[in-house]
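Here are the chains, one letter per residue:
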Amino acid sequence: MTETAASKEPIKSSEIDPKFKYELSRMHGSEKILKCFQCGTCTSDCPVARYSDTYRPRTLIHMAQLGLKNRVLNSDTLWLCAACFTCTDRCPQDVEVASVIRVLRNLAAEKGCVPIVFKEQANSVLESGYAFKIPELRVKKRENQGLPPLPKGNPENVRKTLKGVKFIANLEKKAEPHGQ
Ligand code: SF4
Ligand code: SF4
């Protein structure tokens, strides 16, 4: 994945939401976002940033601090975080970077801004209980090799559990156009 084309456009003052950082500082997980002083330790220690030209946790935090709400929530790179918590362990300001990224993802999901690959994965969990649909060919191959059938997923239970956290409702949302 790459950053959205919109993220490379010049910043207009009209897209800055000065209240965003304060809203984040009142949300569970991103309370300490105002403490970030942009040292870059999170990015330098992040295993994903090491292999990506665009993923920079420091930049995501900076965008949020600057009030670039729609840019950060529309950014595909937001979804590259592997939630390994290295940044959280290393941040000298105790910002809990991985939790901030989780909060930003939740806000993005509420706007329907979820990359298609994760939407497909989520739909698969709801339909089959598995994150990936097992191809029929593989099921047959197991049979031919005398392997036991795969355990059945329990999508009803999954749906029941996820309903309480607006997972299904958010999944059905269509992304708003950038800048909305
Ligand atoms: S390590 Fe902490 S203080 Fe440094 S840039 Fe990252 S979030 Fe900010
Ligand atoms: S939690 Fe995410 S941002 Fe932090 S180090 Fe791991 S992959 Fe990078």
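Residues numbered from 1 in each chain as written. Chains lettered and ligands numbered in written order. Predicted model: local features only at pLDDT ≥ 70, side-chain atom pairs only at ≥ 80, totals over all residues. Heavy atoms only, no water.

Chemist: Where do I start with the site of ligand 2 in this structure?
Modeler: For ligand 2, the set of nearby residues contains 14 residues, the closest of which are Cys-46, Tyr-55, Cys-81, Cys-84 and Cys-87. Counting only elements with at least two residues in the shell around ligand 2, the list comes to α3 (47-51), α6 (86-90) and α7 (97-110). Looking at the shell around ligand 2 residue by residue, the classes come out as 13 nonpolar, one polar and no charged. (Near = heavy atom within 4 Å. Helix = DSSP H or I, 4+ residues; strand = E, 2+ residues; numbered from the N terminus. Nonpolar A, V, L, I, M, F, W, Y, C, P; charged D, E, K, R; others polar.)

Chemist: Whenever I open this one, the site of ligand 1 confuses me. Can you help?
Modeler: In the vicinity of ligand 1, 13 residues are found, and the nearest of them are Cys-36, Cys-39, Gly-40, Cys-42 and Cys-91. A breakdown of the residues in the shell around ligand 1 according to their chemical character gives eight nonpolar, four polar and one charged.

Chemist: How do you make sense of the packing of aromatic side chains when you look at a structure like this?
Modeler: Any pair of aromatic rings gets described here by the distance separating the centres and the angle formed by the planes. Scanning the model with the defined rule gives one aromatic pair in all. Between Trp-79 and Phe-118 the ring centres are 5.8 Å apart and the planes differ by 35°, which places this aromatic pair in the tilted class. Highlighted residues: Trp-79 in the loop between α5 (69-74) and α6 and Phe-118 in helix α8 (residues 116-128), separated in sequence by 39 residues. Judged by its relative accessible area of 13%, Trp-79 falls in the buried class. (Phe/Tyr/Trp six-rings, centres within 6.5 Å; stacked < 30°, edge-to-face > 60°. Buried < 20%, exposed > 50% of the residue type's maximum accessible area, 1.4 Å probe, protein only.)

Chemist: Help me out: how do you make sense of the environment of Cys-91 in this one?
Modeler: Checked against the element boundaries, Cys-91 lands in the loop between α6 and α7. Given the relative accessible area of 16%, Cys-91 is considered buried. Residues Cys-91 and Gly-40, spaced 51 residues apart in sequence, show a C-alpha to C-alpha distance of 8.8 Å.

Chemist: Can you help me understand the side chain of Ser-99 in this one?
Modeler: Along the polypeptide, Ser-99 turns up in helix α7. Under the relative-accessibility criterion, Ser-99 is labelled buried at 10%. In this structure Ser-99 touches Gly-29 and Phe-85, once residues within four positions along its chain are discounted. (Contact = heavy atoms within 4.5 Å.)

Chemist: When you look at the pattern of salt bridges in this model, what are you seeing that I'm missing?
Modeler: One side chain can pair with another of opposite charge once the charged atoms of both are near each other. Counted by the stated rule, this structure contains seven salt bridges. With its nearest N and O atoms 2.6 Å apart, the salt bridge here joins Glu-15 to Arg-71. One end of the pair, Glu-15, is in the segment before α1 (20-25); the other, Arg-71, is in helix α5, with 56 residues separating them in the sequence. Taking the shortest distance from any N to any O, the salt bridge between Lys-32 and Glu-96 comes out at 2.8 Å. Of this pair, Lys-32 sits in the loop between α1 and α2 (41-45) while Glu-96 is found in the loop between α6 and α7, placing the two residues 64 residues apart along the sequence. Overlapping salt bridges, with partners in common, bring together Lys-32, Asp-94 and Glu-96 in one network. (Salt bridge = Lys/Arg side-chain N within 4 Å of Asp/Glu carboxyl O.)

Chemist: Help me out: how do you make sense of α8 in this one?
Modeler: Side chains that are three or four residues apart share a direction in an α-helix, a result of its 3.6 residues per turn. Between its first and last C-alpha atoms α8 spans 18 Å; for 13 residues at 1.5 Å apiece the expected length is 18 Å, and the two agree. One or two positions beyond α8, positive phi appears at Gly-129, with a value near 85°. (Expected span 1.5 Å × (residues − 1).)

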